[in-house]
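What follows is the residue order along each chain.
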Amino acid sequence: MNFFITILEQGLIYGILALGVYITYKILDFPDLTVDGSFPLGAAVTAALITRGMDPYLTLPIAFLAGVLAGICTGLIHVKGKVRDLLSGIIMMTALWSINLYIAGTSNVPLFSQETIFKNDRIEGLIPKALSPYTTLILIFLLTIVCKVILDLYLKTKSGFLLRAVGDNAVLVTSLAKDQGNVKILGLAIANGLVSLAGCVFAQEERVFEISSGTGAIVIGLASVIIGTSLFRKVTLLKATSAVLIGSVIYKACVAIALRSFEPQAMKLITAVLFLIILLISMERKKKVKADA
Amino acid sequence: MKKKLMAGLLVTAMTAVMAAGCGSGSSESGGEDGYTIGISQFAEHGSLDNCREGFLAGLEAEGIVEGENLTVDYQNAASDMGTTGQISDSFVSSGVDLICAIATPSAQSAYNAAMDTDIPVVYTAVTDTEAAELTDADGMPVGNVTGTSDKLPIEEQLKMMREILPDAKTLGIMYTTSEANSVSAIEEYEALAGDYGFELVTTGISTTADVALAADDLLSKVDCITNLTDNTVVASLPTILEKANEQKVPVFGSEIEQVKIGCLAAEGIDYIALGEQTGKMAAQILKGEKEASEMASEVITEPGFYVNTKVAENLGITIPEALISSAVENFDEITAE
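Please read all numbers here as calculations on a predicted model, not as lab measurements.

Q: Please clarify how the overall build of chain A should be interpreted in this entry.
A: Check the secondary structure of chain A and you find twelve helices and two strands. Across chain A, helices and strands are ordered from the amino to the carboxyl terminus as α-α-α-α-β-α-α-α-α-α-β-α-α-α. Seen along its three principal axes, the alpha-carbon backbone of chain A occupies a region of about 55 × 45 × 40 Å. Among the 293 residues that make up chain A, the fraction classed as buried is 52%. Partitioning the contacts of chain A with sequence separation of at least 6, the portion at a separation of at least 24 is 77%.

What follows is the structure in structure tokens.
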């Protein structure tokens, strides 16, 4: 059982990150590398606030806002500064490395002796004893679902439609007399807010801020989005946001399997092979859809 | 058809592995039918590999032998924090008798995962155990966790450098800003360098890609360089050594491996010995002689002096005879990695 709990916990935390990457990569068609910086940004803000005695639950919205700011910066660099999308992300990612060090004070901040959203007196009183080993999973699950539902609802609003239109058909947005630049900035802000929120939850679950935790975050996010959306392409009942969350859990399951079953050196290779197989399987689904039609 | 077969195979394989993962959770282990330990190592790295090798040798010296009465589950996180967490959780869920964590992030993660269980954690290669919140100010554990620190013998190193280079004024150090170990070592160097008449020049990098540029900058400012146990810098040491040799700037190391590949000398740690010391601590815990929570964190007792006379010859430096004869090991050639 615990094996699956770990995969679910990790998969759902990174699922929040994947929701952010879904917005930039799938909706806006914007390869946003800011993620490698905004994930530890959330963790850094969280560590800085918690060690100063802030209520752990308040760090969630604050970390989100910090990510929003990072996203707005990337957006401004790209839209107003007319810097290419990939490069704007790289610039912000690079800058955030130092900013994160300034915020946290050092590259590694342990939170063992602090209260976190998963471990404090209030939550222990709230969750029945029988369920207490699952506190972390329950909280992560709730948080992730709240993020997903809010995002789903938002994408149905007028502003959400505009966001989707920018990626699909930018001309439409302009013809509606809306500035597509502003819409892009908004999308990047929400996306990085979510990524930073994931960093905040991750730091509290692992009980440590580590500057290198963001390295490769974009790769995990992209893999989750691609696995999720391509595996469930045919399942129309499932929303893309749910597919992305499942994709993230599958990613973590692949890593867990690779960790369990093979030589340590082969871990990344096995993970890569598992992805490839999953993608190949989903390719077959696509072909079948065509054949059926 | 082929793909369907592949899909089927994959599903079967995944289920089998997951089932196996679950199954091992119920396995009972203990003194009579042998011990099961999990080793969580943060990265592939020469010094950390030596720690692991030493750790197993230390256990063996206490009669706990891999393959006989010891099952080792070794995992390496390839420097990824998320994977480190997964490794720790999987050790806890499979109910190992002890977790050996190598390097700071692995130690913190293992402690966090095992906090609510009775699984002891023994760490090694953690430089600043207090900053990592693994010990209190007196070096006593904060929980069911203990181990050894690879804190550098900085005072000895400064003294040795002063002896070899009586006229050097500026001392350069390159370190990675993301490595907490290095940051705390730098603080100590800053506090002590003045006592030995050195002016300290430091340069911080963030990735391997910065090393070459930073080395050029540093070499233009200093009379000699010393290394920490900084993972990124040590991994790029050949680059730094090549540039330093061109300008005849001596580079001091922090452990035996660095002297072997071309550093002039080091008052350093032997990571195999450090691992052995850790392994012996782990053996006491496994045998039930002591609780991890009551064992103070240890540092290596005597740093060893290592010197490379071939490098000294290339640089035209004469090392005092007394120092050479005190060396634990004296290399007369430069081994390429």
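Q: Looking at this structure, how should I read the overall build of chain B?
A: When helices and strands are tallied, chain B shows 13 helices and 13 strands. Looking at chain B residue by residue over its 337 residues, the buried ones come to 50%. Put simply, of all contacts in chain B between residues at least 6 apart along the chain, 72% involve residues at least 24 apart.

Q: Please clarify how the sheet that holds strand β9 (residues 251-252) of chain B should be interpreted in this entry.
A: What holds strands together in a sheet is hydrogen bonding between their backbones, with the strands either parallel or antiparallel. Residues and elements named next belong to chain B. Judged by pairing direction, the sheet is parallel, and its four strands sit side by side in the order β7-β6-β8-β9 without closing on themselves. Each end of this open sheet is capped by a strand with a single partner; those strands are β7 (199-205) and β9. The pairing of strand β6 (residues 170-176) with β7 spans seven bridges and is parallel. Residue Thr170 lies in a different strand from β7, and its bridge partner there is Glu199.

Q: Would you take a moment to explain the interface of chain B and chain A for this structure?
A: Taken residue by residue, the interface counts 40 residues in chain B and 35 residues in chain A. Elements represented by at least two residues in the side of chain B that touches chain A include exactly α1 (2-23), β2 (70-76), α3 (81-93), α4 (104-114) and α6 (180-193) of chain B. Of the residues belonging to the side of chain B that touches chain A, the class tally is 17 nonpolar, 18 polar and five charged.

Q: Where do I start with the sheet that holds strand β10 (residues 265-268) of chain B in this structure?
A: Residue and element names in this part refer to chain B. Pairing is mixed across the open sheet formed by three strands, whose spatial order is β10-β12-β13. Every interior strand has two partners, whereas the edge strands, β10 and β13 (329-331), have only one. The mean inter-strand angle of the sheet, taken between neighbouring strand axes irrespective of direction, is 15°. As judged from the four bridges shared by β10 and strand β12 (residues 304-308), these two strands associate in the antiparallel manner. Considered in β12, the bridge of Gly268 is made with Gly304.

Q: What am I meant to see in the environment of Phe91(B) here?
A: All names here are of chain B. By the secondary structure assignment, Phe91 is in helix α3. Put simply, Phe91 and Val328 are 237 residues apart on the chain and 38 Å apart in space, counted from C-alpha to C-alpha. Beyond its immediate stretch of four places on either side in the chain, Phe91 contacts Gly38, Ser40, Val96 and Ile99.

Q: Where do I start with the nonpolar core in this structure?
A: Considering soluble globular proteins, one finds that nonpolar side chains tend to be buried as a cluster. Formed by 139 residues in total, the largest nonpolar core has its most connected members in Leu17(A), Leu194(A), Ala198(A), Leu98(B), Ile99(B), Cys100(B) and Val121(B). Aside from chain neighbours lying at most four places away, what touches Leu17(A) is Phe39(A), Leu194(A), Val195(A), Ala198(A), Ala217(A) and Gly221(A). Membership of the second largest hydrophobic core comes to 43 residues, among which are Ile173(B), Tyr189(B), Val249(B) and Val307(B).

Q: What's the story with the domain arrangement of chain B in this structure? I'm lost.
A: Residues and elements named next belong to chain B. Assigned domains within chain B: domain 1 (30-150 + 273-299) and domain 2 (154-268 + 303-331). The partner domain 2 presents eight residues to the nine residues of domain 1 that form the contact. Along the lines of polarity and charge, the residues of the side of domain 1 that touches domain 2 split into two nonpolar, five polar and two charged.

Q: Please clarify how the packing of helix α6 (residues 135-156) of chain A against helix α11 (residues 240-261) of chain A should be interpreted in this entry.
A: How two helices sit against one another is set out by the angle between their axes and by the gap between those axes. Residues and elements named next belong to chain A. Close contact between α6 and α11 brings their axes to 10 Å; oriented N to C, the two are set at 150°. As the angle between them shows, α6 and α11 are arranged roughly antiparallel. Between α6 and α11 lies a crossing of right-handed hand. Contacts between α6 and α11 pair Thr144, Lys148, Leu151 and Asp152 from the former with Thr241, Ser242 and Leu245 from the latter. Of the residues belonging to the contact of α6 with α11, the class tally is two nonpolar, three polar and two charged.

The rules behind the values
- Residues numbered from 1 in each chain as written.
- Chains lettered and ligands numbered in written order.
- Predicted model: local features only at pLDDT ≥ 70, side-chain atom pairs only at ≥ 80, totals over all residues.
- Helix = DSSP H or I, 4+ residues; strand = E, 2+ residues; numbered from the N terminus.
- Buried ≥ 20, exposed ≤ 12 C-beta atoms within 10 Å, placed from the backbone.
- Contact = placed C-beta atoms within 7 Å.
- Pairing = 2+ DSSP bridges.
- Nonpolar A, V, L, I, M, F, W, Y, C, P; charged D, E, K, R; others polar.
- Axes fitted to C-alpha atoms, helices over the stretch in contact; angles between N-to-C directions.
- Core = buried A, V, L, I, M, F, W, Y, C linked by C-beta atoms within 7 Å.
- Domains from an automatic or database assignment.
- Parallel < 35°, antiparallel > 145°, perpendicular 65-115°, else oblique.
- Left-handed = near helix turned anticlockwise from the far one by under 90°.

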